[in-house]
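Given next are the chains, with one letter for each unit.
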Protein chains: 4
Amino acid sequence: MLHFDSDYMRGAHPEVMRRIMECNLEQTPGYGSDEYTARASALILEACGLEEKESKVVFLVGGTQTNATIIDSFIPRRMGVLCTTTAHINVHEAGAVEYTGHKVLTLPSHEGKLSADDVRRYVSEFYADDSCKHMVAPGMAYISYPTELGTLYSRSELEDLSLVCHENGMILYLDGARLGYGLASDACDLTMKDIASLCDVFYFGGTKCGTLFGEAVVVKEASRWKNSITEVKQHGALLAKGRLLGLQFATLFTDGLYLKISRNAVEKAMKLREGFLAAGIKLYMDSPTNQQFFILPNELLDVLMQKASFELWGPRAETQTPVRFVTDWATSDEEINNLLSALYGFFR
Amino acid sequence: MLHFDSDYMRGAHPEVMRRIMECNLEQTPGYGSDEYTARASALILEACGLEEKESKVVFLVGGTQTNATIIDSFIPRRMGVLCTTTAHINVHEAGAVEYTGHKVLTLPSHEGKLSADDVRRYVSEFYADDSCKHMVAPGMAYISYPTELGTLYSRSELEDLSLVCHENGMILYLDGARLGYGLASDACDLTMKDIASLCDVFYFGGTKCGTLFGEAVVVKEASRWKNSITEVKQHGALLAKGRLLGLQFATLFTDGLYLKISRNAVEKAMKLREGFLAAGIKLYMDSPTNQQFFILPNELLDVLMQKASFELWGPRAETQTPVRFVTDWATSDEEINNLLSALYGFFR
Amino acid sequence: MLHFDSDYMRGAHPEVMRRIMECNLEQTPGYGSDEYTARASALILEACGLEEKESKVVFLVGGTQTNATIIDSFIPRRMGVLCTTTAHINVHEAGAVEYTGHKVLTLPSHEGKLSADDVRRYVSEFYADDSCKHMVAPGMAYISYPTELGTLYSRSELEDLSLVCHENGMILYLDGARLGYGLASDACDLTMKDIASLCDVFYFGGTKCGTLFGEAVVVKEASRWKNSITEVKQHGALLAKGRLLGLQFATLFTDGLYLKISRNAVEKAMKLREGFLAAGIKLYMDSPTNQQFFILPNELLDVLMQKASFELWGPRAETQTPVRFVTDWATSDEEINNLLSALYGFFR
Amino acid sequence: MLHFDSDYMRGAHPEVMRRIMECNLEQTPGYGSDEYTARASALILEACGLEEKESKVVFLVGGTQTNATIIDSFIPRRMGVLCTTTAHINVHEAGAVEYTGHKVLTLPSHEGKLSADDVRRYVSEFYADDSCKHMVAPGMAYISYPTELGTLYSRSELEDLSLVCHENGMILYLDGARLGYGLASDACDLTMKDIASLCDVFYFGGTKCGTLFGEAVVVKEASRWKNSITEVKQHGALLAKGRLLGLQFATLFTDGLYLKISRNAVEKAMKLREGFLAAGIKLYMDSPTNQQFFILPNELLDVLMQKASFELWGPRAETQTPVRFVTDWATSDEEINNLLSALYGFFR
């Protein structure tokens, strides 16, 4: 059986595991106060073109946890967070953001993306409303890169979002659960440094891009999150053996491993995509990253489900149904070939 | 200057004030454990056709407070509340519901109303989604009657909402901040008893319908809210001199005063509406209750704003702008006549 | 039957009621944006020796609500509030403070009072602890004046608390639910201006001192609470007919009415106290304000309970039980005389 | 340098690491829906003498997270959790429990233990208090085993706590962050089955007893936590690669590995203890588990700190200071010998 359900189905990259094993019996202080974590922070800041004196990196365990902690730590509860209707925080986080007391304010999704113009209009109408003191003010814009639909913001789109946020005293937060797979795409015209410069806070996702778990939050102005240890702890997100996060991210940020392994996922996704397009399958969404969305005739769907697991994207429809295939840093040519064989077999 | 901004601009109905004054120097126990409050509860339950053994009335001070307390007390935090995008809880309560940790789940507004079909579809798609355990389950439907746009649910619409909620284990909650003005409308085909029978919990608004403040929450099955005193207190909503709520509501529910005074607001609103329609003004929304929505040419808008205060319904547009005029239990013929004179003067 | 249970058993002072009645049918804008509220703010600031440009007054409805809203608005959730074990917020507010996410940090009660030395030691040990980042930092000290046991801080005690708070970046918050009864005591060596100068935020209680309801929060540096309307609303504490708060407090702060009527409660309490002491009854707590605490032999307790209602202070013990008698702005000589007659009758 | 700061300083037991490595490139479904997790659940329930039909195991990542999630999921927010003043949830969790809205209700610590008699008295006085509806009801008792001071409840003490909780409708929750080190102590007269039978919910700590991270929560009546996935997710505590938790705990619960490796820590702690006692050092607390507390003369303290890291238990005092030494599953005889050599060297 092949598996294309998601990019969190395997463990960690072998190099990451090797480092965890090497240090397994060493004793280090807890909660991220160890040398490995310091090293990882330094490597990440360097990759981002940020200074240790001004910026900081905070490591958390998982994505939903990171989103809730960041949103709650960066804006007061009277403020909400703007995002698209399709945003992960709006749909698939069990209300973890609202749990912290913050309203999620939704704007339309443009192939998964938030439009700077929409934000501009929202903010301007908000403050023009006489009753805005009775409403939840937008304090932050949340975007994901790549989006939940695999799409990417262009540099100019991100610049425009950064501009509208900063003109209006809002924080721009980028959820990079799959950041590697965005940066490794041919369609990407952004670098790590661009993102670090345009966003106030963002994270490099580890869980989906090579680690066992872990997300590395980059805070451009460290003074904005002075009490990160206490607030992370209060959200139940402080890992006792913090060095595990440090070791994993230090490995990923040595010799560009993060991008290197991400590149594999994108290459395999492109091969998969070309195979499906060649077979005449229609795209549901045009994604240049490791998530590929197709509309499958139900007969084909049933055949492929014998060979591979993958997600239906919404409820099964009458004749054809949108689906998602996801590759990762370890997806092999063989896996893709086997999937395409099953596909071609159907048409033969 | 005339004032049609809202229905909370005056104090209380003179009869209500008379009772507060009469008892002013009496001493009663606090927090609603007095005889006046018991009397008000009995009168309200009787008006609703409910039994004291099975149902209960809980008095709170204001609307936002009531909505947050009810939603938080009736569903667990993992559940959210379905409502229209235009619902008061979604727009004008400063995020008080999210503050309690609950997600507000929005569906389209049909002239301010929630559609039972939309709810049915939402619930069915929700539970059909494999990842629904990662999402906020709909635990309650919130409706307002009249809606924020002055419109009314018909009996069959309310029956359908009640059905879809109860078929799916959801609570139906009706926000009756202006309930009197709905029940007093000619377009209303529902009685207090119908509402009490179809909803699990609802409230009679006092603030906008004759009291200084106060909302009377009716809970059909008292066993669903056993710890109301503690939970109301924890939400900061327990009034020390609870008898003030009892006295006011006992007065409103003696000899049908609540409906009688509400009727005045609706009659005056209808007179206002006819006057505007006669002058060729277009409706923005067709409301049979005490809120009237028109689209005013901006020249007229400017003229009327010299004579009267009222709300722009959204930002001022280029040539014409939606506005809202609100009447209340004390609005006089003279006030309406003066407003209409100003209107006719413009066209003369 | 006589009633000495509490000081919230009657309505409002007649002068307050007269003003509410006078304006009853007037129309004013909502939520405290009216002229009466502005007038009340100005009068209160003047009484406090504060400037309108620098300070502000915010009106809320009840005490628990005020405490939760203030604490939550002035310190981040990672911080807690220091108070005595007997503090109202720690015991009798149904967890309203914890509901907002803040820990209540307790120190010993010294006849109801918080000791500056205890605070100093707590803070110093807290920051000396290597693991303090894993703990809840003290961000505020909460005191009540008079305390829950009727006692008063001396000027030097309050100065010392103010000093230790400000030396350690903490906010000093004074809960003045019964502030009038403290200021009117012969034992009080503080003025309104002293309190306003030493505390960062405090409130004049109305509910127990002459109004139907309402507490007037004084914020020394207005810049510390810029978004009070939104935050008060989000806590469900914003009164629609805000002018009711303005009218009541403007009346109390005209011609020194607040202190004048408070004085009555204290005088009657002293008369009651002298009567009990003369009869050989022992004090449970030596209070110079309107709450009087005695230890009653159970036989006397049973006799008095035939004539008067009052609170047992803790569970009924085997032979003698602590009790509390409370007077208010309207307590009459006749009431005290009748109570003392019952007392003396027992001993005859 | 030797390290006795805590029991979370090393990685995982080699056998646990071996299993993680073996499965590293396998693909499994996420969020604990994999076979390894099912296997771990079955093994744990078997060890506890519980049935899969009636009970359930839920895996979380860390201790503070687990405590906050359990407390919040098992009692409503109007209820609080009883514990000792020294309890981890009261002191060292950055207010994570209060963050969820629950009050932590403290009782005296008896060498770290909660007394059933104290609970009985508290509950009885609570409900005897007329104003208890204005207070936070005790809904749960929280104990740790071993306690934060290394001490153990006897079987009869735990039975008594279980009795008082269940007689009063309260949940008994046992925090087993170091459960292995308690069960492996010679002083322990309880089995896993006893604990599972007497507590409503408890957890086997992994982080401190052999895993990289992870806590296994055992719920006696599964029906009490039907929506665990959603609630764990909402608290940001659901691990994407849930199999990591399953693999680790399945290893620990195969062939009694959990107790076997815990035994090492206790043996080494006893050797350390005997060495210190032999040198005439006084105990600060008499602990039969892997945490050992001594009172060290400051000169000795300074000498030992050259050789080993360990925790001062409270601030450094003038002449002698309490300290804590902690062993773990991997502590070697050599480490103990080296520490004791340093100790004896001081006295030579």
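Our structure is the block above this text.
Described in the following lines is the structure provided in the data block. Since we're looking at a predicted model, the values are computed, not measured.

What counts and how
- Residue numbers run consecutively from 1 along every chain, following the written order of its sequence.
- Key to labels: chains lettered from A, ligands numbered from 1, both in the order written.
- At least 70 in pLDDT is required for a residue's local features to be given in this predicted model, at least 80 for side-chain atom pairs to be given and counted, and no such filter applies to totals for whole chains, interfaces and linings, which use all residues.
- With hydrogens and water excluded, all non-hydrogen atoms of the structure serve as input to the side-chain values.
- The copies were overlaid by least squares, fitting only the C-alpha atoms of residues that reach a pLDDT of 70 or more in each copy.
- Throughout, a residue-residue contact means that at least one pair of heavy atoms, one from each residue, lies within 4.5 Å.
- Comment: elements are numbered from the N terminus, with helices defined as DSSP H or I runs of at least four residues and strands as E runs of at least two.
- Exposed residues in this analysis have more than 50% of their type's maximum accessible area, buried residues have under 20%, and partly exposed residues fall in between, with area computed by a 1.4 Å probe over protein chains only.
- Inter-axis angles, ranging from 0 to 180 degrees, are taken between N-to-C directions of lines fitted to C-alpha atoms, where helices are fitted over the stretch in contact.
- An angle counts as roughly parallel when it lies under 35 degrees, as roughly antiparallel when it exceeds 145, as roughly perpendicular when it falls between 65 and 115, and as oblique in every other case.
- Handedness of each helix crossing follows the sense of rotation of the near helix against the far helix: counterclockwise by less than a right angle gives left-handed, clockwise gives right-handed.
- Side-chain classes are defined by residue name, with Ala, Val, Leu, Ile, Met, Phe, Trp, Tyr, Cys and Pro counting as nonpolar, Asp, Glu, Lys and Arg as charged, and the others, Gly among them, as polar.
- Two parts placed together each lose some accessible area; with a 1.4 Å probe, that loss summed over both constitutes the buried area.
- By definition, a salt bridge exists where a carboxyl oxygen of Asp or Glu is found within 4 Å of a side-chain nitrogen of Lys or Arg.
- Within 3.5 Å is the distance limit for a polar contact, defined as a pair of N or O atoms, with the added protein rule that one can donate a hydrogen and the other accept it, and that residues adjacent in sequence qualify only through two side-chain atoms.

## Side note on the relation of the copies chain A and chain D
- Mapping chain A onto chain D is achieved by rotating through 180 degrees and translating by 0.0 Å along the same axis, at an RMSD of 0.0 Å. As the rotation angle and translation indicate, the two copies are arranged about a two-fold axis.
- A shared binding surface is used by both copies, with 100% of the interface residues of chain A retained as interface residues in chain D.

## Remarks on the environment of A342 of chain B
Residues and elements named next belong to chain B.
- Looking at the secondary structure, you find A342 in helix α14 (residues 333-347).
- The class of A342 is buried, set by a relative accessible area of 12%.
- Linking A342 and S309, residues 33 residues apart in sequence, is a C-alpha distance of 13 Å.
- Apart from the residues within four sequence positions on either side, A342 is in contact with L304 and K307.

## Let's talk about the packing of helix α2 (residues 35-48) of chain B against helix α11 (residues 243-252) of chain B
Residue and element names in this part refer to chain B.
- The contact between α2 and α11 brings their axes to 7 Å, and the two run at 40 degrees. Judged by the angle between their axes, α2 and α11 are oblique. In the crossing of α2 with α11, the sense of the turn from one axis to the other is left-handed. Between α2 and α11, the residues in contact are Y36, T37, R39, A40, L43 and I44 and R243, G246, L247, F249 and A250, respectively.
- Looking at the contact of α2 with α11, its residues break down into seven nonpolar, two polar and two charged.

## Side note on the interface of chain A and chain D
- Each partner contributes residues to the interface: chain A has 44 residues there, and chain D has 44 residues.
- Of the roughly 4000 Å² buried between chain A and chain D on both sides combined, carbon and sulfur atoms contribute 59%.
- The largest contributions to the chain A side of the interface with chain D come from Q27, Y99 and K241 of chain A, which together make up 20% of the buried area.
- One can count zero salt bridges joining chain A with chain D.
- Taken together, the connections running from chain A to chain D amount to 26 residue pairs in polar contact (both at pLDDT 80 or more).
- If you list the elements that add at least two residues to the side of chain A that touches chain D, you get α1 (14-22), α3 (63-74), α5 (96-99), α10 (228-234) and α11 (243-252) of chain A.

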